[in-house]
Amino acid sequence: MWLRTSNRLLKQELGRGELQIMVLAIALAVLAVYSLSGFSSRIQETLVSRSSGFLAADRVLRSAHAIDPRFYEAAFVAAQASDPSLRQAELLEFQTMAYAGEAFVLASVKAIRGPYPLRGELKIADGDALSSQQGSPEAGTVWLDERAMSALGIGLGHELEIGHSRFRVSAEIVAEPDASFNVFRAGPRIMMNRADIPATGVVQPGSRLTYKLLFAAEGAGVEELGRELSPLLSENQEWYGVQDGESPLARSLDRANKFLLLASLLGVILAATAIAVAARRYTERHFDPVAVFKTLGMRRREISLLYAYQLLVITTAGILLGLVGGYVLQEGAITLIGDRLGSEVPPASGEAAWLALVTGAICALLFSLTPMLRLARISAMRVIRRDLDLAGQMQWLSVLLTGVSLFILIWLFSQDWQLSASLFFAVALCGGIMLFLSRGLLWLARRWGAGQGALGMGLAGLYRRAHSNAIQILSFAIGIMLLITIVVLRHEMIDEWQQQLPEGTPNHFLVNIAPYEVPTITDWMAERNIQRTELFPMVRGRLVSINDQRMTDRASKDETSASDRGRDPIDRELNLTWSSEQPGHNPLSQGLWWPAGDKDFQGVSVESGIAQRIGVQLGDRLGFLIGGERFEVPVTSIRQVDWASMRPNFYMIFSPAVLADYPASYMGSFYLSPAEKAYLPELLAAYPTVTVLEVDVLIGQIQGVIDQVSLALQYIMVLVIAAALLVLFAQTRASFEERRKEMVILRTLGGSGRFIRQTVQLEFLILGVLSGFLAGAMAELSLYLIQTQVLDMQWQAHPWLWLLAALAGGLTVGLAGRVACRPLLSRSALSQIRQLEG
Amino acid sequence: MQKEAVIVAKNLGKTVETGESQLTILRGLDLEVKSGESVAIVGASGSGKSTLLGLLAGLDESSEGKVILGGESLTDLDEEGRAALRARKVGFVFQSFLLVAGLSALENVMLPLELKGDRREARLRASEMLERVGLAHRTQHYPNQLSGGEQQRVALARAFVSSPEILFADEPTGNLDHANGSRVADLLFGMNRDAGTTLVLVTHDLKLAQRCDRVLTMDSGTLSEGETSADPQEISACG
């Protein structure tokens, strides 16, 4: 019985276009989730895979000692069985002297076994031909970068010696994917075949070596391997990927990830809001039929089944529609920006589709459960007493269910209890405050607007339905707030990234400048209008003690885990400098800079990261060893250093009195535009002992990644805006329905179109302004929380936000109201009344 | 032969909470309606007529006293039980028609039969019933495509299609113009007479009320027999 009636009702409702809103709301949720999470995960995968080029792998197992194959082979074979694309390469890195005739250089050697690099591109030039290489030089041959060649004064086909072996130079290294971020640490590069190592005899007990196993896979092989290996790692082994660590790239990726996650989450909340709005409206329209069914003797169970079935059909239709739409949107977007991403985007994953499906089902079922339950409880007496409804009843259940559903959704997305809980409580708190405030604002507006014509009528209308209007303001405000939050966040994130590496960021380093060359080099640059940083003196020295405690025992673990990732180990030589002025880009976090003019002041300023790592505080006495001479100096300040700034940065800056008498060479960085690149040979010819490190390629790569992440954020923002607008529209329609009856009465009583339009528009305008104002306030709060707690960014107040939000709210909601009320004014009052009755 | 009572109300009372105070709508009300009898309940607005109708039909629960409908005590039934009883024995006509907007005229009329379980003959009998009320040509129309008079005729067809023992009518002509109101009233009484249904009619319209066997007046929650301006001739004309 119920099935038949349900089908009949469905058919008719679909025909009349009433159910479409509900179907669209569910489709919207699914579409938002599918396209957002699908797109973001695909973009992210692409970015990570591209950025993995900086590691030459997806993941690296690094060790200070030879890695016993037995340690990882079983896990590797098992992981490869489930993901055949899993592959590996092996690197041994160390520094050693290379000789060519009279010339010698301390080179950074990379001995390769297997298809290195697994990610990114290794470009070598073999004579005239430039080729992309995957593998190692042939046994007995080596590849050199330009620095090594010029330091040794040799070229292709020449020979050099490493340890006991002689090698022929067979190619020049043009681009190395995993070149060190720390340009000061990297010596000239030599690549050789791993099989040649034993014969050289350079690897001795006690040699300082880094063993690396590189892994990459297209499927989940690397993650699986990681799960197996991670628990087995010893103290001097580390398992890491491009997203770990402190490189500027890792930070950008990490933030982008969090942002994408957040945006998807907010998208889900938006969609859930749309469904809740639509379900409520749908239910309220069915109060009368349910009362009639009950009067005619239909049982509660049958009524529940009838609507449950409808819900099932609607949900299925919505989910299918959403999946198709989401797929089309995703593919469209990928097609549009795929070229700009510059590498192959993986195909749409089933996971995102599942997530979207589950989200759609949860949204549809949980958010419409309470309204449906309310339906089944409608009193049959409503057939006689038409004003009976259930406002106020089951509110606690509604709140509880909404809360539970929201939490499940958030958790489903983030898979992170802590994030879910904090976001959930933030949303709940915002909701509570907004509900309270919106009622207060309505009351104030009513008092203020009494007796002011159409405005007064509009305000009276608003206040009369204070409860439902407060809820409407809440859902409008949630839409506007999420929108603002995403827009501002995206803008400020991209801004901050661009500030990190602004136009004109130094892209060349000059090292090894003799003191007497400093004035002529600065003049040379000034003549050519080249922007440069200050030239810093540099003295090599070693930190040997902290407050008389020797460093040797405490450093070994730090050293292995931090080497080659922008942090120097601390029991080896450091680049020390002195300066009377505080470097502008190094803000002090503790202590004071030495007084200007005090030429005898003794002190050192320590970079905050290393201070934390080795446990140094203000006032500690650090012992240094420079060329056999030992001295102690107190820590007088702690500095923050942005290692991504591409300026000369130092762990230790001394007061001039401490270091000025030691022999130093100078260093600095400068910016050359591509057109100015031609100055380089001139510079090198004029100052043959000076070394130039070109990092423009590296900066280009980082900027490329940042551009792509920005692009991804932009797309996601567009999707969120679309979702928010749809929510606003659904909400406007729903709230307009509530007003329709009154409008019809006004119309029937002879209210002019202009009067009715004004009343409706003013009501919506006021709703919009109030919502926008609240949204602005709440967006400010959430921006503060997100920026300081989640994204680790600087927060600043946005006073204009409140005004803009109120304005935008008034405009959009007002406009939507105008559109919604148009059909009302174009039809006769009689047909309107009929429709109300029917 | 003495006809048996199909509706019995004993000491019926209804009180509702209005904020802090209690409002008594009905108090100590006794009523007996015999099988096949037609009873009109008249009274001013707010006198409690509709509340009484709701209680007699089992749409609402009384605060005190009991109602026996078709031999079953409503007080002993839960909502489900009352729904089942309504499906078996009761038909309704309302002032605001209350057709299900999403169902066609025919489907609206089929509804009570389907709820009763008479699925096979539902379509045929509903069509006959619509023909009876003069709407054979409007069976596939939806409520909003019908005039008020037509909607109420569909409601009449829906009320009688399941051959209920008892019919409750709440201001059946209240929303209709004179011509449509008369036509609906004629149909109502005609069909009622043909089916031998017990009719309880709540109305403001004294003329309509006088077409019933008995007229009861509701005043401040109590019921009294008769109605001052009753005209014996008109009452005798009642079906």
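Residues numbered from 1 in each chain as written. Chains lettered and ligands numbered in written order. Predicted model: local features only at pLDDT ≥ 70, side-chain atom pairs only at ≥ 80, totals over all residues.

**Brief notes about the confidence of the model for chain B**
All names here are of chain B. As a reminder of what qualifies: The predictor's confidence in any single residue is recorded as pLDDT, a number from 0 to 100. Contacts here follow a simple rule: the backbone-placed C-beta atoms of the two residues must lie within 7 Å.
Looking at chain B, pLDDT values average 85 and 93% of them are 70 or higher. Low confidence marks residues 228-239, where pLDDT is under 50. Its contacts with residues over four positions away, or in another chain, come to 19 contacts. Listed scores for the predicted complex are pTM 0.61 and ipTM 0.76.

**Some details on the sheet that holds strand 1 (residues 5-18) of chain B**
Residue and element names in this part refer to chain B. Just so we agree on the cut-off: Any two strands with at least two DSSP bridges between them are considered paired. Each helix corresponds to a stretch of at least 4 residues labelled H or I by DSSP, and each strand to a stretch of at least 2 residues labelled E; elements are numbered beginning at the N terminus. Axis definition: a line fitted to C-alpha atoms, over the contacting stretch in the case of helices. Angles run 0 to 180 degrees between N-to-C directions.
The strand order 2-1-4-5 describes an open sheet built from four strands, whose pairing is antiparallel. Every other strand in the sheet has two partners, leaving strand 2 (21-34) and strand 5 (72-73) as the edge strands with one partner each. As judged from the two bridges shared by strand 4 (residues 64-69) and strand 5, these two strands associate in the antiparallel manner. Bridge pairing links Ile68 to Ser73 in strand 5. Docked against the sheet, helix 1 (residues 49-56) engages strand 1, strand 2 and strand 4, running at close to 125° with respect to strand 1.

**Remarks on helix 2 (residues 79-89) of chain B**
Keep this limit in mind: Exposure in this text rests on C-beta crowding, where 20 or more other C-beta atoms within 10 Å of a residue's own make it buried, 12 or fewer make it exposed, and counts in between make it partly exposed. The C-beta atoms are placed from the backbone.
Those residues of helix 2 of chain B that fall on the buried side of the exposure criterion are Arg82, Ala83, Arg86, Ala87 and Lys89 of chain B. Elements in contact with the buried residues of helix 2 of chain B: helix 8 (287-295) of chain A together with strand 6 (90-93), helix 3 (105-116) and strand 7 (166-170) of chain B.

**Some words on the interface of chain A and chain B**
Rules: Classification used: nonpolar for Ala, Val, Leu, Ile, Met, Phe, Trp, Tyr, Cys and Pro, charged for Asp, Glu, Lys and Arg, polar for all others including Gly.
Each side of the interface is counted separately: chain A has 26 residues, and chain B has 28 residues. Listed by contribution, the elements that provide at least two residues to the side of chain A that touches chain B are helix 1 (2-16), helix 8 and helix 23 (829-837) of chain A. Looking at the side of chain A that touches chain B residue by residue, the class counts come to 10 nonpolar, five polar and 11 charged.

**Focus: the sheet that holds strand 7 of chain B**
All names here are of chain B. Here six strands make up an open sheet; going across it, the order is 6-7-8-3-9-10 and the pairing mixed. Edge positions in the open sheet fall to strand 6 and strand 10 (222-225), since each of these has one partner strand only. For this sheet, the mean inter-axis angle between neighbouring strands, taken without regard to orientation, is 20°. Note: strand 6 against strand 7, four bridges, orientation parallel. Bridging from a neighbouring strand, Phe92 pairs with Phe168 of strand 7. Along the sheet face, helix 5 (residues 148-161) touches strand 6 and strand 7 and points at about 170° away from the line of strand 6.

**Overview of the environment of Glu80 of chain B**
Take Glu80 of chain B: it is sitting in helix 2. The residues contacting Glu80 of chain B, other than those within four sequence positions of it, are Arg299 and Arg300 of chain A.

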